[in-house]
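Okay, here's what each chain looks like letter by letter:
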Amino acid sequence: MSTAITENKFSFEETFELVKGQNIEQTMRSFAERMQIYRAGIKEIRTKLEILDEEFQTKFSYNPIHHIESRLKSPQSIVKKVKAKGLPVTVESMSANITDVAGIRVICNYIDDIYRVAELLTGQDDVTLIRVRDYIKNPKPSGYKSLHLIVEVPIFLSTGPVPIPVEIQIRTIAMDFWASLEHKLKYKTDNDVSPELRKRLKVCADEIFALDREMQNIHTTIQLRNDEEQ
């Protein structure tokens with residue numbers, strides 16, 4: 001299992017947007033402190049996932065998690081999302097209304113692993129499940145499939161615990177393959193994808209999901225056979 005972290009820095013324009021009409025030094029310090037807490041939230045959740053994965057390897061000689069990626073939402077995206085909600089562009093507004101600044105993507109081997117990992121993680125005493133969006137059972141019109149969770153986890157600072165929201169996307173290798181390429185194709189066309197190409201992408205998503213289910217069935221068959229032989 002591998003991990004990766006993506007973090008974005010402020011441009012001059014984004015810095016100006018955030019501090020406009022406010023004390024520059026105080027605002028930037030507050031933002032830096034808040035982003036440090038979000039980074040801690042990512043570390044907290046990622047550590048929990050890594051421990052679960054290692055436990056499965058030790059007990060069952062199997063890793064349900066293929067790899068983990070994480071990112072902090074870019075300053076540009078934060079400002080854009082706050083403004084889209086009609087809210088003031090402040091650190092306080094971001095903290096109170098944006099729940100996906102800290103994000104983790106968990107790539108699993110099989111469909112069953114997705115729900116198993118989600119259940120074990122959200123069942124922990126210090127993890128509070130805020131929201132679930134199951135795009136596997138209810139795919140987006142584009143064909144996109146993934147399990148999205150918003151959880152809250154306490155971060156223990158010198159001043160005491162601070163609850164922090166973290167968005168978690170859990171999907172299979174195949175789902176991630178489709179989502180990554182679909183995103184790149186849309187980026188290359190400035191999101192101007194013709195209805196015909198959208199239909200072809202949807203067909204690809206359906207075929208990939210059928211492959212996912214068949215691989216799941218093969219994996220389950222092998223597991224049952226091994227259990228019978230033991």
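Placed above this text is the structure.
Fair warning: this is a prediction, and the values are worked out from it, not measured in the lab. (Residues numbered from 1 in each chain as written. Predicted model: local features only at pLDDT ≥ 70, side-chain atom pairs only at ≥ 80, totals over all residues. Heavy atoms only, no water.)

Enquirer: Describe the side chain of His148, and please don't skip the residues or the numbers.
Expert: Mapping His148 onto the fold places it in strand β5 (residues 147–157). The buried category is assigned to His148, whose relative accessible area is 11%. Of note is the side chain of His148, whose polar atom sits 2.7 Å from the side chain of Tyr144. Not counting residues within four places of it along the chain, the set of residues in contact with His148 comprises Arg131, Val132, Arg133, Tyr135, Glu167, Ile168 and Gln169. (Helix = DSSP H or I, 4+ residues; strand = E, 2+ residues; numbered from the N terminus. Buried < 20%, exposed > 50% of the residue type's maximum accessible area, 1.4 Å probe, protein only. Polar contact = N/O pair within 3.5 Å; in protein donor to acceptor, adjacent residues only side chain to side chain. Contact = heavy atoms within 4.5 Å.)

Enquirer: Which residues make up the pattern of salt bridges, and what values go with them?
Expert: Within the structure shown, the criterion is met by ten salt bridges. We note a salt bridge from Glu69 to Arg105, for which the minimum N-O separation is 3.5 Å. Within this pair, whereas Glu69 is found in strand β2 (residues 65–72), its partner Arg105 is found in strand β3 (residues 102–108), the two being separated by 36 residues in sequence. Its relative accessible area of 27% is what places Glu69 among the partly exposed residues. By relative accessible area, Arg105 is classed as partly exposed at 28%. For Asp113, the salt bridge identified is with Arg116, shortest N-O distance 2.8 Å. With Asp113 and Arg116 both in helix α5 (residues 111–122), this residue pair falls three residues apart, about one helical turn. Classification of Arg116 by relative accessible area gives partly exposed; the value is 32%. Each of the salt bridges in this network shares a partner with another, and the network as a whole consists of Lys73, Lys81 and Asp100. (Salt bridge = Lys/Arg side-chain N within 4 Å of Asp/Glu carboxyl O.)

Enquirer: Give a description of the environment of Val106 that names residues and reports values.
Expert: Among the secondary structure elements, Val106 is positioned in strand β3. On a C-alpha basis, the gap between Val106 and Leu49 in space is 8.7 Å, while along the polypeptide they are 57 residues apart. Setting aside residues no more than four positions away along its own chain, Val106 makes contact with Leu49, Ile65, His67, Ile168, Gln169, Ile170 and Arg171.

Enquirer: Break down a positive patch on the surface for me, citing the residues and quoting the values.
Expert: Together, Lys85, Arg131, Arg133 and Lys140 make up a positively charged patch on the protein surface. You can see Arg133 is positioned in strand β4 (residues 128–134). Since its relative accessible area comes to 41%, Arg133 is described here as partly exposed. (Patch = residues over 30% accessible without salt bridge, like charges linked within 9 Å, V, L, I, M, F, W, Y side chains within 5 Å. Areas by Shrake-Rupley, 256 points an atom, 1.4 Å probe, with all protein chains shown as cover. Lys, Arg positive; Asp, Glu negative; His and termini not counted. Charge placed at Lys NZ, Arg CZ, Asp CG, Glu CD.)

Enquirer: Account for the side chain of Gln216, with residues named and values stated.
Expert: Relative to the helices and strands, Gln216 resides in helix α7 (residues 195–229). The class of Gln216 is buried, set by a relative accessible area of 8%. Among all residues touching Gln216, those that are not within four sequence positions of it are Tyr110, Ile111 and Asp112.

Enquirer: Which residues make up α5, and what values go with them?
Expert: Over its twelve residues, α5 extends 17 Å from the first C-alpha to the last, a length consistent with the 16 Å expected when each residue adds 1.5 Å. Along α5, the positions that sit buried rather than exposed are Ile111, Asp113, Ile114, Val117, Ala118 and Leu121. Axial view of α5: buried residues confined to an arc of 160 degrees, hence all on one face. (Expected span 1.5 Å × (residues − 1). Arc of directions from axis to C-beta.)

Enquirer: Tell me about the nonpolar core, and name the residues and values.
Expert: It is characteristic of soluble globular proteins that their nonpolar side chains tend to be buried jointly. Core analysis: the largest hydrophobic core is formed by 42 residues, its most contacted members being Ile45, Leu49, Val166, Ile168 and Ile170. For this core, the elements supplying multiple residues, two or more each, are α2 (24–60), β2, α3 (75–84), α4 (91–97), β3, α5, β5 and β6 (160–172). With eight residues, α2 is the single largest residue contributor to this core. If near-sequence neighbours (up to four positions away) are discounted, Ile45 is found in contact with Ile104, Leu121, Val151, Val153, Val166 and Ile168. The next biggest cluster of nonpolar side chains, apart from the first, holds nine residues, and it includes Tyr135, Tyr144, Ala174 and Trp178. (Core = buried A, V, L, I, M, F, W, Y, C linked by side-chain atoms within 4.5 Å.)

Any link to function would need more than the numbers given here.
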